[in-house]
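Chain by chain, the residues run as shown.
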Amino acid sequence: ASKKVLGDTPFIGLVPRGLSWSAGGGGGFYLGSKAFTQVEHNMRVDLPKDPETGAVLLYGVVEFATPSNPRGSQAVADFDLRLFCSTNKKISGCIGEPLPVQVMYQVRPPPVESLQVSVDGRSAAVRWSSLRARPSALPEHDQVDCVRLHMSSDKSERSVTLDKEATEWEVHDLSADTEYEFRVRFENVAGPGRDAVAKCRINACCEAPGN
């Protein structure tokens, strides 16, 4: 009985919100005024089948890949999960109510726009700025969770994690006659943004002249 209702290729599909059924013309789904006849292959998962009988299993676990961001600037997109009846991969109906799903898109943060290092004796002040000074240049879904700073020389390395609102950092007691490289980048759950790099050199200390 279930096969007669579900068809031989039933599947769960992740489809745009607002899909509706119309009985006109033999019946079919519509998204607005446009006929909706198939679900993209990466947005559908066939129901599992019993390995012995081949019967469709109405329980189990399925996995979906995150759908791509259609416009590249959306922060959130609304979808519905639906159980579709299908025969020979052709949709013939659906069962039950749709389950609303909201997909939140996240991209890597923007690069650090500028990075400067000022040296005072054996101390250095690192200052940076970002595209956040121009909010209109950022997509809505862009976020920064933290600032990552890495300092290195031929003798040592050091990494620090700073608050996302930080714009400067100071370090003291640097080694004399040593070149340092500083890298600063923004990070979020999607990964790191592009590093900005600056270098400076701490001069050798000169002994005071004798009397």
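I will try to describe carefully the structure that is included in this document.

Conventions adopted
Residues numbered from 1 in each chain as written. Predicted model: local features only at pLDDT ≥ 70, side-chain atom pairs only at ≥ 80, totals over all residues. Heavy atoms only, no water. Pairing = 2+ DSSP bridges. Helix = DSSP H or I, 4+ residues; strand = E, 2+ residues; numbered from the N terminus. Axes fitted to C-alpha atoms, helices over the stretch in contact; angles between N-to-C directions. Phe/Tyr/Trp six-rings, centres within 6.5 Å; stacked < 30°, edge-to-face > 60°. Buried < 20%, exposed > 50% of the residue type's maximum accessible area, 1.4 Å probe, protein only. Salt bridge = Lys/Arg side-chain N within 4 Å of Asp/Glu carboxyl O. Core = buried A, V, L, I, M, F, W, Y, C linked by side-chain atoms within 4.5 Å. Contact = heavy atoms within 4.5 Å.

## Some points on the sheet that holds strand S5 (residues 44-46)
No. 1: Taken in spatial order, the 4 strands make up an open sheet running S5-S1-S6-S7, and their pairing is antiparallel. Bordering the open sheet on either side are S5 and strand S7 (90-104), each of which pairs with just one other strand. Between one strand axis and the next, the sheet turns by 20° as a mean value, whatever way the strands run.

## Some thoughts on the packing of aromatic side chains
No. 1: This structure, assessed with the given rule, holds 3 aromatic pairs.
No. 2: On the numbers, 5.1 Å between centres and 20° between planes, the contact of Phe11 with Phe84 is stacked. One end of the pair, Phe11, is in strand S1 (residues 11-16); the other, Phe84, is in strand S6 (residues 76-87), and 73 residues separate them in sequence. We note that Phe11, like Phe84, is buried.
No. 3: With a centroid separation of 5.6 Å and 75° between ring planes, the pair formed by Phe29 and Phe84 is classed as edge-to-face. Taken together, the residues span a long stretch of sequence, with Phe29 in strand S3 (residues 28-31) and Phe84 in strand S6 at a distance of 55 residues.

## Notes on the pattern of salt bridges
No. 1: Tallied over the entire structure, the rule returns 10 salt bridges.
No. 2: Taking the shortest distance from any N to any O, the salt bridge between Asp80 and Arg17 comes out at 2.8 Å. Here the residue Asp80 occupies a position in strand S6, and Arg17 occupies one in the loop between S1 and strand S2 (19-22), the gap between them amounting to 63 residues.
No. 3: With relative accessibility at 5%, the residue Asp80 sits in the buried group.
No. 4: A relative accessible area of 37% means that Arg17 is categorised as partly exposed.
No. 5: The structure contains a network of salt bridges with shared partners spanning Arg148, Glu181, Arg183, Arg185, Glu187, Asp195 and Lys199.

## Quick look at the nonpolar core
No. 1: Val126, Trp128, Leu149, Met151, Trp169, Phe182 and Val184 are the most contacted members of the largest nonpolar core, which has 23 residues in total.
No. 2: Taken together, the elements giving at least two residues each to this core come down to strand S8 (112-120), strand S9 (123-130), strand S10 (146-152), strand S11 (157-163), strand S12 (168-171), strand S13 (178-188) and strand S15 (196-202).
No. 3: Residues in contact with Val126, not counting those within four places in the same chain, are Leu115, Gln116, Val117, Leu149, Thr167, Glu168, Trp169, Phe182 and Val184.
No. 4: Core analysis: the second largest hydrophobic core is formed by 14 residues, Leu14, Phe29, Met43 and Val103 among them.

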